[in-house]
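Here are the chains, one letter per residue:
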Amino acid sequence: GNGGRVETSGALLDVRAAVDASADNGRAGTWLAQGANVVVANAGSVGVTGAPSVAGPIVSAASVEAALDSGTHVRIVADGLGLPAGVLAGNIGMAGVRLGPVPRNDVQLSFEAASNIAIANSSIVNDGASVGLSLNAASGGSEGVVLLQNTRIDLTGRNSTVGIDAPVTLLS
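Here the residue numbers are simple positions, counted from 1 along each chain's written sequence. This being a predicted model, a pLDDT of at least 70 is required before a residue's local features are given, and a value of 80 or more before pairs of side-chain atoms are given or counted; all residues contribute to the totals for chains, interfaces and linings. Only heavy atoms go into the side-chain values, all of them from the structure, while hydrogens and water stay out.

**Brief notes about unusual backbone geometry**
Part 1 of the argument: Despite not being glycine, N121 has its phi angle at roughly 45°, a positive value.
Part 2 of the argument: Structurally, N121 can be placed in the loop between β10 (117–120) and β11 (123–126).
Part 3 of the argument: Burial here depends on accessible area, computed with a 1.4 Å probe over protein chains only, as a share of the maximum for the residue type. Under 20% is buried, over 50% is exposed, and the range in between is partly exposed. A relative accessible area of 47% places N121 in the partly exposed class.
Part 4 of the argument: In this structure, N150 is a non-glycine residue whose phi angle is positive, near 50°.
Part 5 of the argument: With respect to the helices and strands, N150 occurs in the loop between β13 (146–149) and β14 (152–155). The numbering of helices and of strands both runs from the N terminus, where a helix is a DSSP run of H or I of at least 4 residues and a strand a run of E of at least 2.

As structure tokens, this is what we get:
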């Protein structure tokens, strides 16, 4: 059969375990990790020049890579909900991370932020099966940007794609 669906959500998200929603003989399942803000990191907070700092709730980079390796689609969503008024919310941050998935079948990595996506000093590279990457900022109807600072994206699978749905700022 096909893979399943796993949802991990809450205003304050902290995920450090591997999630596997794959299928041996069917279409890949999906892991949804959803919080008010989401940091994909090895540890700590993410700060990127020219963009708001995103701190706090963490989805570990190792968990994301393990899910992709297992053949599971990964969807990271920062919805901005559940935080007190005046707190910067709806942002995804990633800094100092190397994602190098080697999935056994084609998978999709999606970042969807109600406000901004900031990725710095990181890389997303793969060999083997295809990895699709989708970066969607301002998904909540607000203004938002995708900021890529000193970041390498190199997807070499036969059907690999990169889609960005927001203004993009590139910094070296």
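**Concerning the environment of D154**
Part 1 of the argument: Topologically, D154 is positioned in strand β14.
Part 2 of the argument: Residue class for D154 comes out partly exposed when judged on its relative accessible area of 27%.
Part 3 of the argument: The spacing of D154 and G100 is 54 residues in sequence and 9.6 Å in space, taken between C-alpha atoms.

**Looking at the sheet that holds β10**
Part 1 of the argument: Two strands make a pair as long as DSSP finds a minimum of two bridges between them. Read across the open sheet, the seven strands follow the order β2-β5-β4-β7-β10-β13-β16; overall the sheet is parallel. Looking at which strands have only one partner, the edges of the open sheet turn out to be β2 (14–15) and β16 (168–171).
Part 2 of the argument: Sheet topology note: the strand β7 (residues 92–95)/β10 ladder contains four bridges and is parallel. What sits directly across from M94, in β10, is I119.
Part 3 of the argument: Contacts are residue-level and defined by heavy atoms, with any inter-residue pair within 4.5 Å sufficient. All axes are obtained by fitting lines to C-alpha atoms, using only the stretch in contact for helices, and the reported angles, taken between N-to-C directions, cover 0 to 180 degrees. Strands β2, β4 (38–41) and β5 (58–60) of the sheet are contacted by helix α1 (residues 61–70), whose axis makes an angle of about 50° with β5.

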